[in-house]
Amino acid sequence: VSKKSDIRTWSNARGEGKLFSMELCDESGEIRCTGFTEAVDRFYNVVEQGKVYYISRCNLKTANKQYTNVKNDYEMQMTNDTSIVRAEDDESVPEVRMNYTQIADIDKVEPNAFVDIAGVATQIGDVTNITSKAGKELTKREIKLQDKSGAAINLTLWGNDAINFDSSLPEPVVAVKGAKVSDFGGRTVSVSFNSTLMVNPDIQHSHELKGWYMKEGRNQDVRQMSGSQGGGGGSMETAVKSFVDAKASINEAKPEYFANTCVLTFIKKDNCMYKACPSADCNKKVTQEGESEYRCEKCNRSYPNFDHRLMMNAKFADASGVEWITLFQENAEKLIGKTSSELGALKESDEEAYERALDTPLFDKFTMKIRGKLETWNDETRIRMSALHVEQPDVVKECERLLSEISMF
């Protein structure tokens, strides 16, 4: 078993269920094996990644390439008759088959394709939490990988992979089978549900990479494939642009990602906070139906409580002009310096204190990573900017950047 996934659940018009999958390899190749509902209960806690098993009486079917990047035209599906028995007499684990793509060549790969990559982790970011467009809380970590091709790229880890990654390891070799390619901020890769993540794998390619990096790689000039770098504090170093320059770069083909240190000049206080569904996977707006009953239409149920969530529009100024920027939950909390729960409690108990809390950060400087994109509404196209990351300015780094720009003239 070269890989065992987490358990995933689903719910649709036909009912609910759960599944997990394994990637199996032997001397002849590899294949994916999936178990549903009853098979999850029978085998999930039995199977261990990296162990050898005798597996029999599965169904064989044509592989759905939408859900797997395993190089096999067929896949296995567990049945009620499936048997999985530990091979106590054979502990020889076949090496995972990798078809490596050099990092410098990833810009030739189409977005959403899958590649096998390996590199030395030269930078390891902290775990951060973000909110997706659907309102779902996500956990991520960014790592900078470098290989012999003279290039480096951002690798994004999600969920348990992000949480369990040992950031104390000194410049480990990280290999990913089936990393998903994205054109987010240049070229980046991520570990998806179907990827296999290996840290310091005991394979020849890993040892060669480590030896090369220790001897010469760490002193090489590196071509950055990604527009951002995983760094301390979970922040990301992105091309610094003024509002005017960033707006000039935005087109219909793709968004523009840039960094800017700017001053907060105004917060639109009306409707900057709303009552949200308390379910961890929802966060949609609820409507009050009774004294202590709040209904979520998405979940199709009522709750005795709700969560306060922030969706804030604020005006920021830099030397080139002023822009409205939207900040969601975590970034809005960083801006204000209070959690949404604290702000909600203030609003309900002391309106003046709530107003003061929103006014406190006015005319302070913030460094932000911003996404600007064109949106069309009622036949009117306009630029919308959203904050992806907010932090207090690093004065030393900002001065170094300005001195570097001055020296170019």
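Described in the following lines is the structure provided in the data block. (Residues numbered from 1 in each chain as written. Predicted model: local features only at pLDDT ≥ 70, side-chain atom pairs only at ≥ 80, totals over all residues. Heavy atoms only, no water.)

### With respect to the overall build of the protein chain
Phase 1: When you go through the protein chain residue by residue, the secondary structure sums to eight helices and 25 strands.
Phase 2: Each principal axis of the C-alpha atoms in the protein chain carries an extent, and together these give about 70 × 65 × 45 Å.
Phase 3: A buried classification covers 42% of the 409 residues belonging to the protein chain.
Phase 4: Within the protein chain, contacts between residues at least 6 apart in sequence are counted, and of these 60% link residues at least 24 apart.
Phase 5: Summed over all atoms, the accessible surface of the protein chain reaches about 22,400 Å², with 47% contributed by carbon and sulfur.
Phase 6: Here the protein chain carries 53 positive and 64 negative side-chain charges, and the mean point of each set is 3 Å from the other. (Helix = DSSP H or I, 4+ residues; strand = E, 2+ residues; numbered from the N terminus. Buried < 20%, exposed > 50% of the residue type's maximum accessible area, 1.4 Å probe, protein only. Contact = heavy atoms within 4.5 Å. Areas by Shrake-Rupley, 256 points an atom, 1.4 Å probe, with all protein chains shown as cover. Lys, Arg positive; Asp, Glu negative; His and termini not counted. Charge placed at Lys NZ, Arg CZ, Asp CG, Glu CD.)

### Thoughts on helix α6 (residues 340–349)
Phase 1: Here α6 has its buried residues at Ser340, Leu343 and Gly344. Projected down its long axis, α6 shows its buried positions confined to an angular sector of 100°, all on one face. Set apart from the buried face of α6 by more than 90 degrees, the exposed residues are Ser341 and Ser349.
Phase 2: Buried positions along α6 lie against β18 (273–276), β22 (307–318), α5 (329–336) and α7 (351–359). (Arc of directions from axis to C-beta.)

### Observations concerning a nonpolar patch on the surface
Phase 1: A surface patch of nonpolar side chains, about 300 Å² in accessible area, is lined by Leu402, Leu403 and Ile406.
Phase 2: Relative to the helices and strands, Leu403 is located in helix α8 (residues 395–407).
Phase 3: Using a relative accessible area of 58% as the deciding quantity, one classes Leu403 as exposed. (Patch = residues over 30% accessible without salt bridge, like charges linked within 9 Å, V, L, I, M, F, W, Y side chains within 5 Å. Salt bridge = Lys/Arg side-chain N within 4 Å of Asp/Glu carboxyl O.)

### Some thoughts on the nonpolar core
Phase 1: Among the nonpolar cores identified, the biggest contains 27 residues, and Phe243, Met312, Phe316, Ile325, Leu327, Leu335 and Met368 are the most heavily contacted of them.
Phase 2: Among the elements of the structure, α4 (243–249), β17 (256–267), β22, β23 (321–328), α5, α7, β24 (365–377) and β25 (380–391) are those that each provide at least two residues to this core.
Phase 3: For Leu327, the contacting residues outside a window of four places in its chain are Leu310, Met311, Met312, Ala314, Phe316, Ala332, Leu335, Met368, Ala387 and Val390.
Phase 4: In terms of nonpolar packing, the next biggest core, distinct from the first, is built from 23 residues, Ile103, Ile143, Val174 and Val176 among them. (Core = buried A, V, L, I, M, F, W, Y, C linked by side-chain atoms within 4.5 Å.)

### Regarding the environment of Ala151
Phase 1: Here Ala151 lies in strand β12 (residues 151–158).
Phase 2: Looking at Ala151, the relative accessible area reads 0%, which means it is buried.
Phase 3: Apart from the residues lying within four places of it in its own chain, the contact partners of Ala151 are Ile103, Ala104, Leu145, Gln146, Val222, Arg223 and Met225.

Any link to function would need more than the numbers given here.
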